[in-house]
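Close look at the chain arrangement
Here's the letter readout for the chains.
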Amino acid sequence: MSENTTSNKTVSNTISKRIMRLSPSTTLEINARARKLAANGARIISLAAGEPDFGPPQEVLDFIKQKMDDPANHKYTFAKGMLELRKTIAKKTTDETGVEFDDKQVIITNGAKQAIFEAFETIINYGDEVLLPAPYWTTYPELIQLAEGIPVVINGSIDNNFKITVDQLEAEVTDKTKALVLVTPNNPTGSIYTSEELAEICQFVIRHNLILISDEIYNRLDYTSMEAVAASPLKSCPEVKDNILIINGLSKSFAMTGWRIGWIIGPQNITNRIADLQSHVTGNVNNFAQYGAIKALEIDDSYFMNMKETLYSRRDIMFDKLSSINYHDKPAFLNIQKPAGAFYYFANIENLLEVPLGEGQHTSYTDSELVRRILDETGVALVPGSAFGYPGYIRFSFALDTSDLIEALDLLKKYIEQ
Ligand SMILES: Cc1ncc(COP(=O)(O)O)c(C=O)c1O
């Protein structure tokens, strides 16, 4: 190779433009900073992680231990997932939505994150637009852009619990629109779309021949109903079945984050192509985690109902604590509403961003600066709204031990009110 060719290379053209455009995940970044502080001896309590503190049921663990003794399970299995698990998921989805599915329509992925990545890679062409309601889960715009699509962000209004409406969608849809992302129950707002709202949104999707990316990872965490599963687009509107890719997994509703079990279920013409992609991306998802998933999906709903009850009581504790915090005689957090689902509060912090310096002078912070100060000075980790495309807010997770939750909120109160 001549000297000239090598000397023209710089770091900026070594790394692809696609990857140069990526921003790292803010939530993982905050957790990394928190871990570093903890490694230096600080007491850190994380209200930042979307990771419930429950363990998997004992029967799941026992089942896997048994499977470990069988040498066949130490070998490659189907790239798109074990047949038995795909059948279990197809049946469960049929039971929950009333729409028939079979195993060919299911792909098992390394967590829902990989499912979302593969869905966009499979359906998006360069320049396709994806309607993305905000606040959005931080990974969505990145993965849309990685697939060379364009996220078209639509702000949900606080007056509508951050939910978007069909009128808003109609105003943004163009000939280039390929898909709509919908996350219900929602991260970071905890909002849940009603069956009626979902039916209307599905009709919009069908009318414009779009693909609905329906992220249902929190679907068992609906505090407004005794039903095991929250309202879903497909159940509300079975006609959307050819236009919907459902994303789900065990991380949130089953509290099995580290198992990395996610899945996509949808029309076979799309799942066949996702399977092709996955066959080049990963051999297969870990066999033992897949066995664990088969068992977890068999377990009676009452196990998860108990988990939901615990989260429900933490939701109330957090509401009372957050509502009691004042800053210069004003509420520190505005528009706090008890979330209908998931395990997050998304609170407006505009009162905290203006800091009086005396003699009528003020200085102001961004939400990210405030979150960093709170972490450094109290040891409480939070996520700024800007990570979700919605600056001026903070997300609080209540998926942690109740006494840690209380300690963190008391520390926060002391820090803000002092
Ligand atoms: C809305 C949403 N979708 C998907 C995921 C990813 O889940 P997993 O851990 O299974 O990759 C998360 C995790 O925070 C999430 O909040």
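Residues numbered from 1 in each chain as written. Predicted model: local features only at pLDDT ≥ 70, side-chain atom pairs only at ≥ 80, totals over all residues. Heavy atoms only, no water.

1. Regarding the confidence of the model for the protein chain
Overall, the prediction assigns the protein chain a mean pLDDT of 92, with 97% of residues at 70 or greater. Taken together, the stretch residues 1-5 has pLDDT below 50 and engages in one contact with residues farther than four places along the chain or on a different chain. (pLDDT = per-residue confidence, 0-100. Contact = heavy atoms within 4.5 Å.)

2. Some remarks on the sheet that holds strand S15 (residues 383-384)
Read from one edge of the open sheet, three strands run S11-S16-S15, paired in antiparallel fashion. In this open sheet, the two edge strands, each paired with only one partner strand, are strand S11 (344-348) and S15. Pairing geometry for S15 and strand S16 (residues 393-397), over two bridges, is antiparallel. The residue bridging Val383 from the neighbouring strand is Arg395, located in S16. (Pairing = 2+ DSSP bridges. Helix = DSSP H or I, 4+ residues; strand = E, 2+ residues; numbered from the N terminus.)

3. Let's talk about empty space enclosed by the protein
Overall, the coordinates contain one cavity of 30 Å³ or more when judged by the stated rule. Here the largest cavity is characterised by a volume of approximately 130 Å³. Lining the largest cavity we find 17 residues, and of these Pro133, Pro135, Val183, Asn186 and Tyr193 sit closest to its centre. Contributions of two or more residues to the lining of the largest cavity are made by strand S3 (129-134) and strand S5 (177-183). (1 Å grid on protein atoms, 1.4 Å probe; cavity = no way out; pocket = protein on both sides within 12 Å on 5 of 7 lines; lining within 4 Å. Points joined across faces, edges and corners; volume = space filled by probe spheres on them.)

4. Quick notes on the pattern of salt bridges
If you walk through the whole model with that rule in mind, you get 18 salt bridges. With a closest N to O distance of 2.6 Å, Glu170 and Arg207 form a salt bridge. Of this pair, Glu170 sits in helix H9 (residues 166-172) while Arg207 sits in helix H10 (residues 195-207), and the two are 37 residues apart along the sequence. Looking at Glu170, the relative accessible area reads 29%, which means it is partly exposed. With a shortest N-O distance of 3.5 Å, Asp276 and Arg273 are connected by a salt bridge. With Asp276 and Arg273 both in helix H12 (residues 268-281) and three residues apart, this pair spans about one turn of that helix. The class of Arg273 is exposed, set by a relative accessible area of 53%. Via salt bridges that share partners, Arg43, Asp404 and Glu407 belong to a single interconnected network. (Salt bridge = Lys/Arg side-chain N within 4 Å of Asp/Glu carboxyl O. Buried < 20%, exposed > 50% of the residue type's maximum accessible area, 1.4 Å probe, protein only.)

5. Some remarks on the site of the ligand
In the vicinity of the ligand, 13 residues are found, and the nearest of them are Ala112, Asn187, Asp215, Ser251 and Arg260. Between an oxygen atom of the ligand and a main-chain N or O atom of Ala112, the distance comes to 2.8 Å. The side chain of Tyr218 places a nitrogen or oxygen atom 2.8 Å from an oxygen atom of the ligand. For the ligand, the protein covers 92% of the area, taking 400 Å² as the surface of the free molecule. Among the elements that make up the shell around the ligand, the one with the highest residue count is helix H7 (residues 111-123) (four residues). (Near = heavy atom within 4 Å. Polar contact = N/O pair within 3.5 Å; in protein donor to acceptor, adjacent residues only side chain to side chain. Areas by Shrake-Rupley, 256 points an atom, 1.4 Å probe, with all protein chains shown as cover.)

6. Here we look at the nonpolar core
Formed by 81 residues in total, the largest nonpolar core has its most connected members in Leu47, Phe120, Ile213, Phe333 and Phe396. Shared between two domains, this core takes at least three residues from each, and those domains are domain 1 (11-55 + 303-417) and domain 2 (74-299). The contacts of Phe120, once residues within four sequence positions are left out, are Val130, Tyr140, Leu143, Ile144, Ala147, Val181 and Ile213. Counting 52 residues, the second-largest nonpolar core is a separate cluster that includes Ile154, Ile244, Tyr291 and Ala293. (Core = buried A, V, L, I, M, F, W, Y, C linked by side-chain atoms within 4.5 Å. Domains from an automatic or database assignment.)

7. Points about the domain arrangement of the protein chain
For the protein chain, the assigned domains read domain 1 (11-55 + 303-417) and domain 2 (74-299). Taking only C-alpha atoms, the centre of domain 1 and the centre of domain 2 are 26 Å apart. Facing the 37 residues of domain 1 at the interface are 41 residues of domain 2. Taking both sides of the interface into account, the surface hidden between domain 1 and domain 2 amounts to around 3200 Å²; carbon and sulfur atoms contribute 60%. Inspection of the domain 1/domain 2 interface yields zero salt bridges. Joining domain 1 to domain 2, the criterion identifies 16 residue pairs in polar contact (both at pLDDT 80 or more). If you list the elements that add at least two residues to the side of domain 1 that touches domain 2, you get helix H3 (17-20), helix H4 (26-39), helix H14 (301-323), S11 and S16. No other element matches H14, which puts eight residues into the side of domain 1 that touches domain 2. Partitioned by chemical class, the residues of the side of domain 1 that touches domain 2 number 23 nonpolar, eight polar and six charged. (Buried area = accessible area lost by both parts, 1.4 Å probe. Nonpolar A, V, L, I, M, F, W, Y, C, P; charged D, E, K, R; others polar.)

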